[in-house]
Amino acid sequence: MTEFYTGSPLLPEDLWYRDDFIAQLWEDLQNQHVILAAPRRTGKTSVMDHMAARPHNEFCAVSVFVQDLDHPREFLLTLLDAFHQKAPNVFRRVFETASGWIRNQLDRISDVELAGFKVALREGLPNTDDAWKTLGNEQFFPPVRKSGIRLLFIVDEFPDFILNMQRNHPHLVQPFLSWLRGHCMKPAPPKDNIRWLLGGSVNLSTTLDSLGALDLVNEFHVAELPVLTDDQVQDFVRRMLTHRKVQFAPEVPACVARRLGRPVPYFLQLMTQQLFRAWRQDQRTLSNSDVDACFDALIVSSAARDKLQHFYSRIQRYYSEPKRSAAYELLAEISLSSDGLTRTQLLQCFERVLQNQALTVAAHERKQLLHQLLRDLENDFYIVELTQEDQLEPNAASRYDFASGLLKSWWKKYYA
Ligand SMILES: Nc1ncnc2c1ncn2[C@@H]1O[C@H](COP(=O)(O)OP(=O)(O)OP(=O)(O)O)[C@@H](O)[C@H]1O
Ligand SMILES: [Mg+2]
């Protein structure tokens, strides 16, 4: 890797530290459908792009980005179009021998450039409410299954699609999810040549749970994108700086790892880039105090601000009351602590929020609600439960702290 990536997905040749995970995903996909779970800016799309570009096990990997879709009909048309774009010859082979609507469109567009296909598809599809179902059940999947080609659909930002549908076409959410579930179950994955890899930054379990459709998740293996280890973070800093002939004290990479806390890869990139720029300006050996200065500059930089702001505003979008206010309150309190807060302290804070909202909730329910909230905040990468090794005193009560040191400093600066 030579360039700093500050936002865009990494090219497959530049994707470090993910080989084992990707190999494991391919292995999982042999017999299962998979959900790739990870919070924002941690490298999901990079992993999915890598898989689309370098498929294993004879899969034809078709990837789609569905963040802005809101209707099953668009979803299926997008899949068809992406399949056609990715492998026009395979697509033709699959549908040429089938009779039906897709075949007719193929005949119509044989002379049209690739980009015209989706338009032709859309124009040809009857505008009835459940045309999408017939399209999937009768026209799309049976010929694929009959052809025997191994087709992997890689769907990025799947939960957003479901949430959009919930907002704009709520009556379609349940039919769509049970339709998809049906296709995931029958035929059972080991006997099916179609596989799904669903990804997204919004927690899919939480999303489906809130829609009462958690059973779809049961048909999937949930793979969690590993958090970069301390060694990987240090290796990244060392390699990127050495490659640029930057002089730095040997303890600098460890200092970066310490300041970042649990690293969001994107912030790691920004931080290392910041260090490189500082060196370029002064041309002297970087030390830990440069790391501190860069860290402070990063918090107020515009590059980080948008992304950090996103952590703040996504609570507004995805958490409902009273969890929303409680999340803001708890995070503000934690950001002020030096080493996190205990569950008891968090419960007291949570009870204050309920009181302020004049909500009366029974004691056991309060604990339950807090438990759910902490789980969501953990899943969404805001906080971690500190392990015993992280704790200063042995056998101390368990504590929660910000997952990212950068996010914690930022939260304290602007929202505490
Ligand atoms: N393996 C990696 N090594 C170093 N940096 C990485 C790695 N993976 C991701 N990044 C950093 O994270 C940024 C975002 O990567 P990517 O778009 O793949 O993540 P994402 O989880 O899909 O993000 P989003 O939540 O915005 O969809 C990259 O621009 C890069 O800065
Ligand atoms: Mg992404």
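Keep in mind it's a predicted model, so treat the numbers as computed, not measured.

**Things to note about the overall build of the chain**
A count of helices and strands for the chain gives 19 helices and eight strands. Rg of the C-alpha trace for the chain: 24 Å, near the compact-globule value of 22 Å for 416 residues, within the 12% margin. Taken over 416 residues, the chain has a buried fraction of 36%.

**With respect to the site of ligand 1**
Taken together, 22 residues lie near ligand 1, and Arg40, Gly43, Thr45, Ser46 and Pro265 sit nearest. Those elements that place two or more of their residues in the shell around ligand 1 are helix 2 (44-53) and helix 13 (265-282). Structurally, the shell around ligand 1 is a two-domain feature, drawing no fewer than three residues from each of domain 1 (12-224) and domain 2 (241-300).

**Section: the sheet that holds strand 8 (residues 399-402)**
What the three strands build is an open sheet, ordered 6-8-7; its pairing is antiparallel. Two strands bound the open sheet, and with one partner strand each, they are strand 6 (341-342) and strand 7 (383-385). Bridge count for strand 7 against strand 8 is three bridges, and the pairing is antiparallel. When the sheet's bridge partners are listed, valine 384 is paired in strand 8 with aspartate 401.

**Observations regarding the domain arrangement of the chain**
Segmenting the chain into domains produces domain 1 (12-224), domain 2 (241-300) and domain 3 (319-415). For domain 2 versus domain 3, the distance between C-alpha centres works out to 30 Å. The residue makeup of the side of domain 2 that touches domain 3, split by class, is five nonpolar, one polar and two charged.

**Some details on the nonpolar core**
Judged by nonpolar contacts, the single largest core of 54 residues is most densely connected at Val34, Ile35, Leu36, Leu152, Ile154, Val155 and Leu197. Other than its neighbours up to four places away in sequence, isoleucine 154 contacts Met48, Met51, Ala52, Ala61, Val62, Ser63 and Leu197. The next biggest cluster of nonpolar side chains, apart from the first, holds 50 residues, and it includes Val233, Leu268, Leu308 and Phe381.

**Considering the environment of asparagine 193**
Inspection of the secondary structure puts asparagine 193 in the loop between helix 9 (173-185) and strand 4 (194-200). Overall, asparagine 193 belongs to the partly exposed group, with 18 C-beta atoms counted inside 10 Å. Residues contacting asparagine 193, with those up to four places away along its chain left out, are Arg145, Gly148, Ile149, Arg150 and Leu151.

**Quick word on the sheet that holds strand 5 (residues 220-224)**
Strand order in the open sheet formed by five strands is 2-3-4-1-5, with parallel pairing between adjacent strands. Of all strands in the sheet, those bounded by a partner on one side alone are strand 2 (59-65) and strand 5. Across this sheet, the average inter-strand angle for adjacent strands is 20°, counted without regard to direction. Examined bridge by bridge, strand 2 and strand 3 (residues 150-156) share seven bridges and lie parallel to one another.

**A look at unusual backbone geometry**
Residue proline 187 is reached from lysine 186 by a cis peptide bond, and omega for that bond is -5°. The linkage connecting glutamate 321 with the following residue, proline 322, adopts the cis geometry, with an omega of 5°. When you line up the elements, proline 322 lands in the loop between helix 15 (302-318) and helix 16 (323-336). Even without being glycine, glutamate 157 reaches a positive phi, approximately 65°. Among the structural elements, glutamate 157 can be located in the loop between strand 3 and helix 8 (158-168). C-beta crowding within 10 Å serves as the criterion here: with 22 such atoms nearby, glutamate 157 is assigned to the buried category. Although it is not a glycine, glutamine 283 adopts a positive phi angle of roughly 55°.

**Some remarks on the packing of helix 4 (residues 88-96) against helix 7 (residues 131-147)**
The interhelical angle for the contact between helix 4 and helix 7, taken along N-to-C directions, is 100°, at an axis separation of 8 Å. Taken together, the axes of helix 4 and helix 7 lie roughly perpendicular to each other. Taken together, the residues of helix 7 that come into contact with helix 4 (itself represented by Arg93, Val94 and Phe95) are Pro143, Val144 and Ser147.

**Looking at the packing of helix 17 (residues 343-356) against helix 18 (residues 363-379)**
The contact between helix 17 and helix 18 brings their axes to 10 Å, and the two run at 110°. For the element pair helix 17 / helix 18, the angle class is roughly perpendicular. Taking contact as the criterion, the partners of Leu346, Leu347, Phe350, Glu351 and Leu354 in helix 17 are, on helix 18, Arg366, Lys367 and Leu370. Among the residues forming the contact of helix 17 with helix 18, the class breakdown is five nonpolar, no polar and three charged.

**Some remarks on the environment of glutamate 138**
Tracing the backbone shows glutamate 138 in helix 7. On the basis of neighbour counts, which here come to 14 C-beta atoms within 10 Å, the residue glutamate 138 falls in the partly exposed class. With 38 residues separating them in the primary sequence, glutamate 138 and glycine 100 have C-alpha atoms 8.7 Å apart.

**Let's talk about the environment of lysine 186**
With respect to the helices, strands and loops of the structure, lysine 186 is situated in the loop between helix 9 and strand 4. For lysine 186, a count of 9 C-beta atoms within 10 Å gives the class exposed. It is 11 Å that separates the C-alpha atoms of lysine 186 and glutamate 219, two residues lying 33 residues apart in sequence.

Conventions used here
- Residues numbered from 1 in each chain as written.
- Chains lettered and ligands numbered in written order.
- Predicted model: local features only at pLDDT ≥ 70, side-chain atom pairs only at ≥ 80, totals over all residues.
- Helix = DSSP H or I, 4+ residues; strand = E, 2+ residues; numbered from the N terminus.
- Rg over C-alpha atoms; globule rule 2.2 N^0.38 Å.
- Buried ≥ 20, exposed ≤ 12 C-beta atoms within 10 Å, placed from the backbone.
- Near = placed C-beta within 6 Å.
- Domains from an automatic or database assignment.
- Pairing = 2+ DSSP bridges.
- Nonpolar A, V, L, I, M, F, W, Y, C, P; charged D, E, K, R; others polar.
- Core = buried A, V, L, I, M, F, W, Y, C linked by C-beta atoms within 7 Å.
- Contact = placed C-beta atoms within 7 Å.
- Axes fitted to C-alpha atoms, helices over the stretch in contact; angles between N-to-C directions.
- Parallel < 35°, antiparallel > 145°, perpendicular 65-115°, else oblique.

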